[in-house]
Amino acid sequence: MQDLQQTLTQILDYVKGVWIKKRYVIIFSWLICPIGFFYVASLPDTYQSKAQVFVDTRSVLQPLLRGLAIQTNPDQEIQMMAKTLLSRSNVEKIARESDLDITTATEAEFENLVTSLSKNINLSSTGRSNIYNISFSNEKPLIAQRVVQETLDLFVEGSLGNSRRDTDTAGRFLDEQIAEYESRLAEAEQRLANFKRQYNDILPLSGTYYSRLQGLNGELEATQLQIKQTQQQAASLNEQISGAKRTDNFGVTNQEEPALRTRYDERIRGLEEELDRLTLRFTDLHPDVVETKALLESLEKARAQEIDAFLNQSDENGSQPLTELNREIKLEASRLQSQIASLRVKETDLQSKIVELESKVDLIPQIEAESTALNRDYSVTQDKYQELLSRKESADLSRRADVSSEDLQFRIIEPPLLPKRPSGPNRLIFYTAVLVIGFGAGIAVAFLVSQLNPILIRPKQLLTVSDFPIWGTVTHLNIEQIKKKNRTRLIVFLMSSGAILAMYSILMAAEIMNIDLFGGLI
């Protein structure tokens, strides 16, 4: 508690020391405040124009064209445009479109103008909603509005123009690449065709040299095995013919009988009986009689041909006629002999092909390696060509989609208007700052002087500067004169401070009510 009392007493001593030196407050307040007030009042008015735009990146075509056309991220595109909007080239364009370049006479002045615009044009985003604010301040309201309008136009048109320019550039690039790869593909096709034409009699139609040689060897082994099997089957059939009964294919037999029997005998007998019954009932011109006679004649003719064939075959064998089983076995044996002969021809052809391939064992692998390289180059070029064609189609589809519907829709929320009232400078804050600085500087100087040239205010302060004891205090003989002088100083201080505060109040009121006190004098 005692420490707090001492601290309060010391602070009170400092305040009294500053109060005694209050003439410094008067001096510095009059040196700083009027000059500061005049400077703030002479600052030119600035007018701010601003615009607000919403960029809608939603499009109905985006989900429909997903996977079919080339699509960019509109959010990233608009963010990149916002970052590059205030590039030097764009700011120069804004300066020329706003006719600010006519206010400059030299290149250096134009460079300073561009630099100033880059610093003063403010482009800010409100967050994820893609709402952008554009603002600019100038001493002339028309210039402020014009600069904001040109910046807004550049922001809107630049985004749309960049999208179309990117699409056109991509289309031209794809066309150039397609033409180049088409030429390379034609050259590769020509080289491959010339190579196949040159080695047409050497290269296999499919597979490699070794696979073809292996296939021919396997086919030769299978053919030789088939020949052996067929020969064995033919030998077995010949053995069966020698011990079989003699019957023919048609059932013609002569088993100890004087007449030959055929398979048509029973049918001919039945037709003859039927013809007898019909002739008893009808005339020879009746349709049934005519049909039966025709069928009977065809059967008798077939029977006669079968007997002739049987007798001729029997004569060739020099023995008695063959049975039906022997005839079938003999035909099968003949077929097997023909098959053996064709297999022999095939075996000879395979052997000649194998010999021919084995004679080219040093040449064909090298040719096949060259053929593989040509086919690989052709395949790679063709794949790239097909991929470029697919991308070209996607780019064309994207271009048509851009024409029908824009990915970015700009909606002006607040257009740039011509400002009627100045937006700056904020003289209320500046006037207050000048007042605080004026009185603060005076108080600081008074405190410093009171510390450098201290004045004893209380008797106990003598104990800090002297070792002698204090026995008592006496008043000044001219105490009345001193009090009168102090009152005069107080009145002067109050009048001085009141005048400063009055000036401050008048300036603040004029600024709030937008009254021009100086009437264009400054």
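Residues numbered from 1 in each chain as written. Predicted model: local features only at pLDDT ≥ 70, side-chain atom pairs only at ≥ 80, totals over all residues. Heavy atoms only, no water.

## Topic: the sheet that holds strand β4 (residues 409-414)
- With antiparallel pairing, the four strands of this open sheet are ordered in space as β2-β3-β1-β4. Across the chains shown, the open sheet's two edge strands, defined by having one partner strand only, are β2 (122-125) and β4. Ignoring strand direction, the axes of neighbouring strands in this sheet form an average angle of 25°.
- Relative to strand β3 (residues 131-138), β2 runs antiparallel, the two being bridged by four bridges. In the strand pairing of β3, Ser124 is matched with Asn133. (Pairing = 2+ DSSP bridges. Helix = DSSP H or I, 4+ residues; strand = E, 2+ residues; numbered from the N terminus. Axes fitted to C-alpha atoms, helices over the stretch in contact; angles between N-to-C directions.)

## Section: the packing of aromatic side chains
- Summed over all chains, the structure comprises five aromatic pairs.
- Taking the centre distance of 5.4 Å and the plane angle of 80° together, the rings of Trp19 and Phe493 count as edge-to-face. Remark: Phe493 occurs in helix α15 (residues 479-512) and Trp19 occurs in helix α1 (residues 2-20); sequence separation between them is 474 residues.
- Ring geometry for Phe37 and Tyr431: centres 5.8 Å apart, planes at 80°, overall edge-to-face. Taken together, the residues Phe37 in helix α2 (residues 23-42) and Tyr431 in helix α13 (residues 427-452) connect sequence positions 394 residues apart. The residues Phe37 and Tyr431 share a single accessibility class, namely buried.
- The lysine or arginine in question, Lys22, covers the ring of Trp19, its NZ or CZ lying 4.4 Å from the ring centre.
- Residue placement shows Arg184 over the ring face of Tyr181; its charged tip is 4.5 Å from the ring centre. (Phe/Tyr/Trp six-rings, centres within 6.5 Å; stacked < 30°, edge-to-face > 60°. Buried < 20%, exposed > 50% of the residue type's maximum accessible area, 1.4 Å probe, protein only. Lys NZ or Arg CZ within 6 Å of the ring centre and 35° of its normal.)

## Details of unusual backbone geometry
- Non-glycine residue Asp99 carries a positive phi angle of around 65°.
- For Asp99, the position within the fold is in the loop between α5 (88-97) and α6 (107-120).
- On the accessibility criterion, Asp99 (39% relative accessible area) is partly exposed.

## Quick look at the confidence of the model for the chain
- With 75% of its residues at a pLDDT of at least 70, the chain reaches an overall mean of 77.
- Counting contacts from residues 245-251, a segment whose pLDDT is below 50, to residues more than four positions away or on other chains yields 30 contacts.
- Confidence over residues 254-258 falls short of pLDDT 50; this stretch has two contacts with residues more than four positions distant or in other chains. (pLDDT = per-residue confidence, 0-100. Contact = heavy atoms within 4.5 Å.)

## Topic: the environment of Val114
- If you trace the backbone, Val114 turns up in helix α6.
- Sequence separation of Val114 and Asn90 is 24 residues, and the distance between their C-alpha atoms is 9.7 Å.
- With residues up to four places along the chain from it excluded, the contact list for Val114 reads Arg88, Val91 and Glu92.

## A short note on the side chain of Asn90
- By the secondary structure assignment, Asn90 is in helix α5.
- Side-chain polar atoms of Asn90 contact the backbone oxygen of Leu85, separated by 3.2 Å.
- Ignoring any residue separated from it by four or fewer positions in sequence, one finds Asn90 in contact with Thr84, Leu85 and Leu154. (Polar contact = N/O pair within 3.5 Å; in protein donor to acceptor, adjacent residues only side chain to side chain.)

## Structural notes on the pattern of salt bridges
- According to the stated counting rule, one finds 12 salt bridges in the structure shown.
- Here Arg88 and Glu92 are joined by a salt bridge, their closest N and O atoms 3.9 Å apart. Note that Arg88 and Glu92 are positioned in helix α5 at a spacing of four residues, about one turn of the helix.
- On the basis of relative accessibility, which here comes to 37%, the residue Arg88 falls in the partly exposed class.
- Of the charged contacts in the structure, one is a salt bridge between Arg335 and Glu332, with a shortest N-O distance of 2.2 Å. Of this pair, Arg335 and Glu332 both sit in helix α11 (residues 324-359), three residues apart, roughly one helical turn.
- The exposure class assigned to Glu332 is partly exposed, which follows from its relative accessible area of 30%.
- Within this structure, Arg88, Glu92, Arg96 and Glu111 form a network of salt bridges that share partners. (Salt bridge = Lys/Arg side-chain N within 4 Å of Asp/Glu carboxyl O.)

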